[in-house]
Amino acid sequence: MTEEEFREKFKGSLVKRTKWRGLMRNVATGLSSSDNPEAEMVLLKALEHPEELVRKQAENSLSSIRSRSQEEKT
């Protein structure tokens, strides 16, 4: 979702208070506990997000997924 799409979709909504970057950060946070194999691909793409807040959370979430994956292998 682009920032413009976020503004249009949530115009007049309380969700808009979180701002686009907050929503994207929250998505990255949620993906950290996902068992969906596509989560890692989405987070890799988020590492290029224009907002540092989102990039940092994507990095943390990827680390969490990879750590969990390593624990499952041992």
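In this text the structure is predicted, and so the values were computed from the model without any measurement.

**Digging into the confidence of the model for the chain**
When pLDDT is averaged along the chain, the result is 91, and 100% of the positions lie at 70 or above. Least confident of the elements in the chain is helix H4 (residues 52-73), whose mean pLDDT is 91; most confident is helix H3 (residues 38-46), at 94.

**Side note on the side chain of Ser34**
Within the secondary structure layout, Ser34 lies in the loop between helix H2 (19-31) and H3. Look at Ser34 and you get buried, because its relative accessible area is 18%. Beyond its immediate sequence surroundings of up to four residues, Ser34 is in contact with Ala39 and Arg68.

**A short note on H4**
Between its terminal C-alpha atoms H4 stretches 32 Å, which fits the 32 Å expected from 22 residues at 1.5 Å a residue. Within H4 the residues assigned to the buried category are Val54, Gln57, Ala58, Ser61, Leu62 and Ile65. Along H4, the residues classed as buried sweep out an arc of 140° about the axis, all on the same side. The exposed set on the far side of H4, more than 90 degrees from its buried face, consists of Glu59 and Glu71. Buried residues along H4 sit in contact with H2 and H3.

**Here's the deal with the packing of aromatic side chains**
A full pass over the atoms with the stated rule returns 1 aromatic pair. Judged by centre distance (5.2 Å) and plane angle (50°), the rings of Phe6 and Phe10 are tilted. As far as the burial class goes, Phe6 and Phe10 line up, both buried.

**Notes on the environment of Glu51**
Of note, Glu51 is situated in the loop between H3 and H4. Among the residues examined, Glu51 registers a relative accessible area of 25% and is labelled partly exposed. Along the chain, Glu51 and Glu4 lie 47 residues apart, while their C-alpha atoms are 14 Å from each other. What Glu51 contacts, discounting residues up to four positions off in sequence, is Trp20 and Arg21.

**A word on H2**
Over its 13 residues, H2 extends 19 Å from the first C-alpha to the last, a length consistent with the 18 Å expected when each residue adds 1.5 Å. Listed in full, the buried residues belonging to H2 are Trp20, Gly22, Met24, Ala28 and Leu31. In this structure, the buried side of H2 is in contact with helix H1 (3-9), H3 and H4.

Conventions adopted
- Residues numbered from 1 in each chain as written.
- Predicted model: local features only at pLDDT ≥ 70, side-chain atom pairs only at ≥ 80, totals over all residues.
- Heavy atoms only, no water.
- pLDDT = per-residue confidence, 0-100.
- Helix = DSSP H or I, 4+ residues; strand = E, 2+ residues; numbered from the N terminus.
- Buried < 20%, exposed > 50% of the residue type's maximum accessible area, 1.4 Å probe, protein only.
- Contact = heavy atoms within 4.5 Å.
- Expected span 1.5 Å × (residues − 1).
- Arc of directions from axis to C-beta.
- Phe/Tyr/Trp six-rings, centres within 6.5 Å; stacked < 30°, edge-to-face > 60°.

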